[in-house]
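Residue-level listing of the chains:
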Amino acid sequence: MSELHYLQATVHESMRLYPPVQHDSKFCLNDDVLPDKTFVKSGTRVTYHPYAMGRMAEIWGLDCLEFKPERWLKDGVFFQADPYNYPVFQAGLRVCMGKEMALMELKCVALSLVRRFHFDLALPSHEVTPRFSPGLTAAFSGGLPVLVRKI
């Protein structure tokens, strides 16, 4: 599984554009200063938005709205982006303890599905615009209509 670099890149690129948690907040326990020199007073709620961050040209380049797993590869090998720019699993001392297990489970399910089935969009791609439903965890409003054929 560790040698499937393109699969790893595809999973990360999918979650960059469609993170499982759209936004999250933390509360500052003590006065602090962020890396950009912003002062944060004790008790302040700081919210970050992985959904929006995944679409920022300042972080991901002018092609930030494109699905490009290749952005996660160097010479065909997966490399991890700065977790502060890609906070899908949070970052620093608060990084998700279940990150590696979640990624392994996701890759196992994806592999088992693509080995057994062929998937096509049910509508022409220019008619498909996935939209997030508001909520704590991400879901597509109305789902994503696909046609499935057993291989």
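What counts as what
Residues numbered from 1 in each chain as written. Predicted model: local features only at pLDDT ≥ 70, side-chain atom pairs only at ≥ 80, totals over all residues. Heavy atoms only, no water. UniProt positions renumbered as here; feature names shortened; annotations may be inferred. Helix = DSSP H or I, 4+ residues; strand = E, 2+ residues; numbered from the N terminus. Buried < 20%, exposed > 50% of the residue type's maximum accessible area, 1.4 Å probe, protein only. Contact = heavy atoms within 4.5 Å. Polar contact = N/O pair within 3.5 Å; in protein donor to acceptor, adjacent residues only side chain to side chain.

Caption draft 1: Structural detail: the UniProt feature "binding site: heme" (unreviewed entry) in the chain. The positions UniProt marks with the feature "binding site: heme" (unreviewed entry) are Cys-96. Mapped onto the fold, Cys-96 is located in the loop between strand S6 (77–78) and helix H4 (99–116). Given the relative accessible area of 35%, Cys-96 is considered partly exposed.

Caption draft 2: Main features of the side chain of Arg-16. One can find Arg-16 in helix H1 (residues 5–17). Arg-16 sits in the buried class, given a relative accessible area of 1%. Contacts of Arg-16, omitting those with residues within four sequence positions, involve Pro-50, Gly-54, Arg-55, Trp-60, Cys-64, Glu-66, Arg-71, Trp-72 and Tyr-86.

Caption draft 3: Up close: the environment of Thr-38. Position of Thr-38 among the secondary structure elements: in the loop between strand S2 (32–33) and strand S3 (39–40). When sequence neighbours within four positions are dropped, the list of residues in contact with Thr-38 reads Asp-32 and Val-33. Reaching out from Thr-38, the side chain makes a polar contact with the side chain of Asp-36 at a distance of 2.7 Å.

Caption draft 4: Fine view of unusual backbone geometry. You will see that Asp-75, though not glycine, has its phi angle at about 55 degrees, which is positive. Examined against the element boundaries, Asp-75 turns out to sit in the loop between strand S5 (73–74) and S6. The class of Asp-75 is exposed, set by a relative accessible area of 84%. With a phi angle near 65 degrees, Gln-90 is a residue other than glycine that sits in the positive phi range. Structurally, Gln-90 can be placed in the loop between S6 and H4. Judged by its relative accessible area of 23%, Gln-90 is partly exposed.

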